[in-house]
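Okay, here's what each chain looks like letter by letter:
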Amino acid sequence: MRNVGGFIVGQGSLERLPAFVDARRELVGGGAKVVYLIDSYFANQPAIVARLSARTSDVVRYVDATHEPTTDGIDAITNELRGLLTGLPATIVGFGGGTTMDTAKAVANLLTNTGGAADYQGWDLVKVAAVHKIAVPTISGTGSEATRTCVMTNAKTGLKLGMNSDYTIFDQMVLDPDLTASVPRDQYFYTGMDAYIHCIEALAGSYRNAVGDAYSRETVNLCRQVFLADDMMSAEAREQLMVASYLGGCAIATSYVGLVHPFSAGLSVVLGLHHCIANCIALNALSEFYPAEHAEFQTMMTKQKVSLPVGVCANLSDEQYQRLVAATVVHAKPLTNALGPNFRDVLTDERVTEIFRRM
Ligand code: ZN
C-alpha cells in the first residue's frame, strides 16, 4: 500500500505551505501556475485565504461543498481549469473538507489523462501519473487526505464510485489543527465520528490484516481521547482528531467497512443526507450489531452535548422504503465483511425496513 508522500503536522503548520508550493514552482520551472481548490465556506474569509499566498497569476477556484462530487461536476471544473492554464500546474492545493479534497484528487488525475471522470470510476484505470497535489484538510474525519480514492456519483448511472488508484494519493499533506477551531460543534462531531465508524466496522469484519488492524485500533484510541474528553475541541483534541482522520483513512484503504456505511449510503442516496451525519444516524439504529460501540457512541454524544435528528425515516412511502433497502443491500462487499456471504439471510427486506423505521 502506498502512503501520502510527506506531511507536516502541528499548530501553525499552514505557514509552511507557501514554501512547499514554491519548491514545486522551482522544480517545474517555466512559470507554471498553481491551482488552489478551496471549499466555498472560505469564500468570505479573506484572512484565511490570504495565508495561502496565492500569486495573482495562479488559479483560485472555490468548490461548492453543499453536495458531494458528481462526475459531471468534476468534468466541468477540469475543463474550466484547462481553459485557464497553459500546460500543467506546478501543484494543486486542496483546501477544505472531504468534498474539496476529493475534487482536487479527481481533477489532478484528469488533467494528465484523456476522457472524463466517469471513464476512471473503478480500480486502477488511471494510466498516467497525476499532477502533484497537496492536501490541507480543514475538518477531520473522512480520511480523504489519506486514501487512494475520490468519491464521485455518476448522475446518469447512479454509480457512486471513486478513481481507486495509487495516482489518486496526495503527494503532500499539511495538518494544521488551528484550521478546525471554527468548525460548528455538531459538524465537528459528526465528521470526526466517520473516522471512528470506519475503524469499528473494519475491526468487526472478517477481511482483516495486521497493518489495517493497527491503524484502526490507534484511530479508535485517538477518537476515544477526543470524544470522551471534557472538550472535544481543545487544541490538543483537534490535533488528535486530525491524526485519527489520517490514520483512519489509512486503515480503510487496507480493509472494508461493515453495516453502518451501507445503511448510511441508503440515507444519502434516497434522502440526500450527508455522509457523516447519515453514518451517525445509522450507527444509532444498529445497536444489535455493534452493542459496545453503540453504547460508547451514546456516551460520546452525551459527553459532548451533541444530538441527532430523530424521525428522519418517519412517514416515508413504501416505495421510499424499497429504495432504501435496495440502496443498502447493493453494498455486497462490506455487508459480506460484516455478516458473511449469506448476509441477506440476516438482512431480509423486512429487517432492513424495520431498522430504517427506527431512524
Ligand atoms: Zn465514511
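What you are looking at is a predicted structure, and each value in this text was computed from that prediction instead of being measured.

**Remarks on the layout of surface pockets**
Taken as a whole, the second largest pocket holds about 200 Å³ of empty space. The greatest single-element share of the lining of the second largest pocket, amounting to 4 residues, is contributed by helix α3 (residues 71–84). Across the lining of the second largest pocket, the residue classes break down as 5 nonpolar, 5 polar and 3 charged.

**Description of the sheet that holds strand β6 (residues 133–137)**
Taken in spatial order, the 6 strands of this open sheet run β1-β8-β6-β4-β2-β3, and their pairing is parallel. Two strands bound the open sheet, and with one partner strand each, they are β1 (6–9) and β3 (59–63). Taken pair by pair, the neighbouring strands of this sheet meet at an average axis angle of 15 degrees, ignoring direction. Alignment of β1 against strand β8 (residues 172–175), held across 4 bridges, turns out to be parallel. Looking at the pairing, I8 lines up with V174 of β8.

**Remarks on unusual backbone geometry**
Not every positive phi belongs to a glycine, and S53 is a case in point at roughly 60 degrees. Assignment of secondary structure puts S53 in the loop between α2 (46–50) and β3. Residue classification places S53 among the partly exposed residues on the basis of a relative accessible area of 39%. Its identity as a non-glycine residue notwithstanding, N315 has a phi of 60 degrees, on the positive side.

**Here we look at the nonpolar core**
Within the largest apolar cluster, 91 residues are counted, with the highest numbers of intra-cluster contacts made by F189, F227, F263 and M359. Of the residues that make up this core, three or more belong to each of domain 1 (6–180) and domain 2 (185–357). When residues no more than four places from it in sequence are discounted, the contact partners of F189 are F227, M232, F297, M300, M301, Q304 and V306. Counting residues in each nonpolar core, the second largest holds 20 residues, with V34, Y36, F95 and L179 among its members.

**Describing the side chain of R238**
Within the fold, R238 resides in helix α7 (residues 235–253). For R238, the contacting residues outside a window of four places in its chain are P177, D178, T180, A181, Y188, M232 and M233.

**Observations regarding the domain arrangement of the protein**
By the assigned domains, the protein splits into domain 1 (6–180) and domain 2 (185–357). For domain 1 and domain 2, the distance between their C-alpha centres works out to 26 Å. Listed per partner, the contact involves 21 residues of domain 1 and 22 residues of domain 2. In total, about 1,800 Å² of surface goes out of reach between domain 1 and domain 2, with carbon and sulfur atoms giving 64% of it. Viewed at the interface, domain 2 and domain 1 are joined by 0 salt bridges. Connecting domain 1 to domain 2 are 9 residue pairs in polar contact (both at pLDDT 80 or more). Grouping the constituent residues of the side of domain 1 that touches domain 2 by class yields 8 nonpolar, 9 polar and 4 charged.

**So, the coordination of the zinc ion**
Every protein donor of the zinc ion is accounted for by D194 (OD), H198 (NE2), H261 (NE2) and H275 (NE2), and the metal-donor separations fall at 2.1 to 2.3 Å. Angles of 90 to 169 degrees at the metal separate the 4 donor atoms of the zinc ion, which places the site in the irregular class. Mapped onto the sequence, the residues coordinating the zinc ion show the spacing D-x3-H-x62-H-x13-H. Of this pair, D194 sits in helix α5 (residues 185–203) while H275 sits in helix α9 (residues 275–284), and the two are 81 residues apart along the sequence.

**As for the packing of helix α6 (residues 210–227) against helix α10 (residues 291–304)**
At a minimum axis separation of 10 Å, α6 and α10 run at an interaxial angle of 35 degrees. Contacts from C223, R224, V226 and F227 in α6 reach E296, M300, K303 and Q304 in α10. Residue composition of the contact of α6 with α10, by class: 4 nonpolar, 1 polar and 3 charged.

**What to know about the pattern of salt bridges**
Think of it this way: side chains of opposite charge can pair up when their charged atoms draw near. The tally for this structure, following the rule as stated, stands at 18 salt bridges. Among the salt bridges present, the one from E296 reaches R224, with a minimum N-O distance of 2.7 Å. Of this pair, E296 sits in helix α10 while R224 sits in helix α6, and the two are 72 residues apart along the sequence. Taking the relative accessible area as the measure of exposure, R224 reaches 33% and is therefore partly exposed. For E288, the salt bridge identified is with R358, shortest N-O distance 2.9 Å. One end of the pair, E288, is in the loop between α9 and α10; the other, R358, is in the segment after α14 (349–357), and 70 residues separate them in sequence. A relative accessible area of 37% places R358 in the partly exposed class. Each of the salt bridges in this network shares a partner with another, and the network as a whole consists of D22, R25, R55 and D58.

Quick notes on the rules
Residues numbered from 1 in each chain as written. Predicted model: local features only at pLDDT ≥ 70, side-chain atom pairs only at ≥ 80, totals over all residues. Heavy atoms only, no water. 1 Å grid on protein atoms, 1.4 Å probe; cavity = no way out; pocket = protein on both sides within 12 Å on 5 of 7 lines; lining within 4 Å. Points joined across faces, edges and corners; volume = space filled by probe spheres on them. Helix = DSSP H or I, 4+ residues; strand = E, 2+ residues; numbered from the N terminus. Nonpolar A, V, L, I, M, F, W, Y, C, P; charged D, E, K, R; others polar. Pairing = 2+ DSSP bridges. Axes fitted to C-alpha atoms, helices over the stretch in contact; angles between N-to-C directions. Buried < 20%, exposed > 50% of the residue type's maximum accessible area, 1.4 Å probe, protein only. Core = buried A, V, L, I, M, F, W, Y, C linked by side-chain atoms within 4.5 Å. Domains from an automatic or database assignment. Contact = heavy atoms within 4.5 Å. Buried area = accessible area lost by both parts, 1.4 Å probe. Salt bridge = Lys/Arg side-chain N within 4 Å of Asp/Glu carboxyl O. Polar contact = N/O pair within 3.5 Å; in protein donor to acceptor, adjacent residues only side chain to side chain. Donors = N, O, S within 2.8 Å, 3.2 Å for Na, K, Ca; no water. Tetrahedral: all angles 85-135°; square planar, octahedral: opposite > 155°, others 65-115°.

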